[in-house]
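Structural overview
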Amino acid sequence: MQFKHLLKKLILPLLSVFMCVNYTYAQSITLKGKVTDEKGEAVAGASVKLKGTNKGSITNATGAFEIAYPGTGTLTVSAIGYAPTEVKLSGQASINITINSDSKALNEVVVTALGIKREKRILTYSTQEVKSESITQSKEPNIVNAIAGKVSGVQVTSSSGTPGSSARILIRGTTSFYGNNEPLMVIDGVPVDNSETGNLNSGPGTSRIADIDPSIIASVNVLKGAASTALYGSKGANGVVMITTKNGALNKKPLITFTSDFSFENPLLPQIQNKYSQGTNGIYYDGETQKTSTSWGARMDTLKINGQAAKVYNQSDLFFKTGHTYNNTINIGGGSNTSTYLVSYSNFNQQGTVPTTKFLRNTLFAKYSAHILDNLNTTFQLNYSNSQNDRLPEGYALESPVWTIFTAPVSYNLQPATNADGTQRLYRFSRNNPYWVLDNIKNHSGVNHFLPTFTADYKPLSWLTVTERFGADVYTEMDRYHESTESVSNPNGRLVDQNINYRQFNNDLLIGANKTFGNFNVDVVLGNNIISTYNEYTYANGVGLTVPGLYNMASASTVTYSENQRLQRKIGFYLQSNIEYKRFLILSLTGRYDGNSVLSTDHNFYPYGSAATSFIFSEFFSPEFSKVMNLGKVRVSYGTVGNDGSINPYSLLTPYNVAAIRNLNFPYAGQAGFLISDIYGNPTLKNERINEFEAGFEAGFFNNRISLEASFYSKKTTSGIIPNVAIAPSSGYSSTSVNSAVMRNRGIEVLLNVNPIKTRDFNWDLTLNFTRNRNKVLSIYQNQQQLGNGFTNITVGQPYGVIYGTRYARNAAGKLLTDDSGLPFAADDQGIIGNINPNWLGGINNNIRFKQFNFSFFFDIKRGGDIQNNVDGYGYFYGTPKVTENRGPRVVDGINATTGQPNTVSVNGQQYYQRINGILESVIQDGSYVKLRNVSLGYTLKPSWLSKSPFKSATLSVTGRNLWIHAPHFTGGDPEVSSFGSSNGSQGIYSFSTPTSRSIDFSLKVTL
């Protein structure tokens, strides 16, 4: 009875609870929906939340989502690059939501450090992106050359016109005294090597980034300052170039795209005289019975040889040929509703303007992305390239054919290259005949380059993402150089074999969280990086070919061999947080803790970090004013990063070297011998430190029809590494390396984008950029004031890279001094005679579309930046530069050093130019230029014209490069050149390198 009574008491409440639960359950609705953009394309990764609750979902690869709601409510949908959208719900079970691009956020998503995509609106530092269209439109085979002049704060310098030659890229000036100053290259989040390799004689090599096919690039984003690169630690000290490759497309049938390019290249030549013959003091030498290197002979228009008017041999026109480049690319891309794919193959073939030089590149790129689970995405990609490069020695080398062509007399026929007995036919001594070089000297490089990458993104929660990314950079290189017997420099012949094995493995594990707390949005990335780099070099040099023409090391009578292995490992832990308050205030904090195996245990772990903030004041504008100025932002940042590029593996140790005691070299009589090096390996060395402050302003007007970005930065390098500092001989060593130098860079950058005209049929985009950097060396070591660095100089109180050397003797008033013979002479002491750093850089890019036509033209501008013109410098002695055509008597405007009176002694041209040949100041020229770097005209056929064909689209275009160069103070061919490569000490010199070219490219692009 008690049980029945209890049941009666409980049954009514239980029934009420059951009915209430049942009612609630009945009112809970499962909503299935899809999010698309204004073009109808699925938006993956969009956040879908039920307003006022903790319920949320993330759209999958097809834009689909699923969420439960109690019958009524409001959905909020947000995604990077899109304006937040709210949708009222009232019992529906399915819905399609369209979200619009957010013009207020600059309508742009950019790739930042570690490959993380962020809205440009919320960035607290300066970056600049170059799109795929701009890269492919340039028709440059090297990605670095393709962005030249297009990014503020960035300077790109070509090294040579030889196919495959390197290019140097510098961001915000020089920061390391002797270490690498070029930025870190990153492809889809994985660092890759950009070393210069492949040349076994004088001249530049090839930058390994040249192995990448530009047609697979979706965008290049340049991270400039310390705040943007701190996540990369010491790898990102000089800036980072983020390269993002293309993807396939969801729910797309296979789309086949074929592109074919063909171009002609003609060399840009220095100014050479053609009025005077071989000889001296006006007397003709025939180069057969009388030999001389100079062209101070008789006038060609009066000279008769065997009773006939002398023939003028334009050596450059005869030697250089029209270069040709063929580039064919085919790619196939598409995808299902859960996966995408892209496969691309490219064949690039460039035949140089110097006969026998060429660069061949075959690349294969494959990328597959799959949405395996609702919360798991994977991507696997492989980039493989095989390149073959044939080049010839350049610069000063006796084997350089360009030297001889630029200095050969116009009265002498260099062909045939051999005499009847097979020996070289020479008009002078100590220089090879350039046509003999073509057949008997060769530098070949072959590279196989692999770049595999695997990425997995896992979202265990709607606000949490775990990313695992593994990538490798692996290449093998075989370099071969041979020089036949009868060579002037190596009469018995020479062989060089070099093998390079490079392996770099990189792994990043990232945990990203994005949460909204009231008015705050917090984005946090926590990660770990492990990178291992291994280099192996083997080098064999053989001289004395026992069998002429047999270019095998077994044919060499004397062989020297060396090998070198380097292994370096780094481990890093990093954290980045971005805190956004009400869309107008952003705080970004970054920290990284690195460990480096090449440093001592006392210094091998070190922290980096940055703090930055942005204030978006346009969020407070009225709707009316926002129609005029839609974006206004100020930002401030401070970051500190390191640079260990000048500390090589094992450089803290003092090694043993192969012994050489007077004339006794080991191994001797089968006995090996080693002596400890006299250079002390400093075990206390630590990485250089770069501290940088940056402030910027960004604005957008008329819905970004006009946008402006300006930045100021000031960065200082401390603890700069200076090698080979002299120490007391009593220590048993002669020198060591120290952390002591200090250097500063300050500059401004301006980027202006304008869309003056925008209609359905006509659109004009104009982009201007401006860069000004001021560098100063503040200290070197104790009281040391000066150091040499290749062709340039490091001087306290001066910019890094001043040119130091012999200068004209002058009086106190700066007037030129002459000797009693009426000729100027060199001062007793050398001094600073030039500065390779430009005063400012600029670029003007125009893109105009009219219906099916597209027209673009791009001006690249450099103001200042001195060049040491050695083609003229040595040519003054030979009598070959154009300026030496004026050979009449002249009185040098100067003061006689003996009498103190104005000079009155007349001298002839040969006397004058052969005298100033020994004064370096005479060949320092202002390298300012305005260059029409690129002009392109394209036409896209109307789709209706192709309706009955298998083609979906077709575009024809013609592109010109370097069509016009205005360099009023430079007498060489192209002022944008560094003849000896991309190293720190090779800049600002023009010295008998293969000329760069003016080219016309014809292109056809069709899709199936």
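Notes on the structure follow. No experiment lies behind these values; they were computed from the predicted model shown.

Let's shift gears to the side chain of Asn386. Mapped onto the secondary structure, Asn386 falls in strand 27 (residues 376-391). There is a polar contact of 3.3 Å between the side chain of Asn386 and the side chain of Gln388. Excluding residues within four positions of it along the chain, Asn386 makes contact with Leu360, Arg361, Asn362, Val447 and Asn448.

Attention now moves to a nonpolar patch on the surface. Side chains of Phe264, Phe850, Phe853, Phe855, Leu937, Val958, Leu963, Trp964, Ile1000 and Phe1002 sit close together on the surface and give an oily, nonpolar patch of about 840 Å² of accessible area. Listing elements by their share of the nonpolar patch, those giving two or more residues are strand 51 (853-864), strand 58 (953-966) and strand 60 (997-1007). Ranked by residue count, the leading element in the nonpolar patch is strand 58, at three residues. Within the fold, Val958 resides in strand 58.

Right, let's talk about the packing of aromatic side chains for a bit. Applying the stated criterion to the full structure yields 45 aromatic pairs. Ring centres of Phe584 and Phe615 lie 6.0 Å apart, and the angle between their planes is 85°; this geometry places the pair in the edge-to-face category. Here the residue Phe584 occupies a position in the loop between strand 32 (556-581) and strand 33 (585-596), and Phe615 occupies one in strand 34 (residues 605-616), the gap between them amounting to 31 residues. For Phe615, a relative accessible area of 31% gives the class partly exposed. It is Lys150 that lies over the ring of Phe858; its NZ or CZ is 5.8 Å from the centre. Residue placement shows Arg361 over the ring face of Phe348; its charged tip is 4.9 Å from the ring centre.

Core analysis: the largest hydrophobic core is formed by 30 residues, its most contacted members being Phe319, Phe406 and Leu414. Of all the elements in the fold, those that place two or more residues in this core are helix 6 (401-407), helix 7 (434-440) and helix 9 (870-878). Among all residues touching Phe319, those that are not within four sequence positions of it are Thr353, Val354, Pro355, Pro401, Ile405, Pro434, Tyr435 and Leu438. Counting 27 residues, the second-largest nonpolar core is a separate cluster that includes Val130, Val151, Ala167 and Ile171.

Here we come to the environment of Asn630. For Asn630, the position within the fold is in strand 35 (residues 629-643). A relative accessible area of 6% means that Asn630 is categorised as buried. Distance from Asn630 to Ile924, taken between C-alpha atoms, is 49 Å for residues 294 residues apart in sequence. A polar contact of 3.1 Å, which involves the side chain of Asn630, links it to the backbone nitrogen of Asn704.

In this section: the pattern of salt bridges. Enumeration over the complete set of coordinates arrives at 38 salt bridges. Among the ionic pairs, Asp523 bridges to Arg118, the shortest N-O distance being 3.5 Å. Of this pair, Asp523 sits in strand 31 (residues 520-545) while Arg118 is found in strand 9 (residues 117-119), placing the two residues 405 residues apart along the sequence. We classify Arg118 as buried; its relative accessible area is 6%. It is possible to trace a salt-bridge network through shared partners that takes in Lys120, Arg172, Lys224, Lys633, Arg635, Glu692, Glu694, Glu698, Glu709 and Glu749.

Basis of the calculations
- Residues numbered from 1 in each chain as written.
- Predicted model: local features only at pLDDT ≥ 70, side-chain atom pairs only at ≥ 80, totals over all residues.
- Heavy atoms only, no water.
- Helix = DSSP H or I, 4+ residues; strand = E, 2+ residues; numbered from the N terminus.
- Polar contact = N/O pair within 3.5 Å; in protein donor to acceptor, adjacent residues only side chain to side chain.
- Contact = heavy atoms within 4.5 Å.
- Patch = residues over 30% accessible without salt bridge, like charges linked within 9 Å, V, L, I, M, F, W, Y side chains within 5 Å.
- Areas by Shrake-Rupley, 256 points an atom, 1.4 Å probe, with all protein chains shown as cover.
- Salt bridge = Lys/Arg side-chain N within 4 Å of Asp/Glu carboxyl O.
- Phe/Tyr/Trp six-rings, centres within 6.5 Å; stacked < 30°, edge-to-face > 60°.
- Buried < 20%, exposed > 50% of the residue type's maximum accessible area, 1.4 Å probe, protein only.
- Lys NZ or Arg CZ within 6 Å of the ring centre and 35° of its normal.
- Core = buried A, V, L, I, M, F, W, Y, C linked by side-chain atoms within 4.5 Å.

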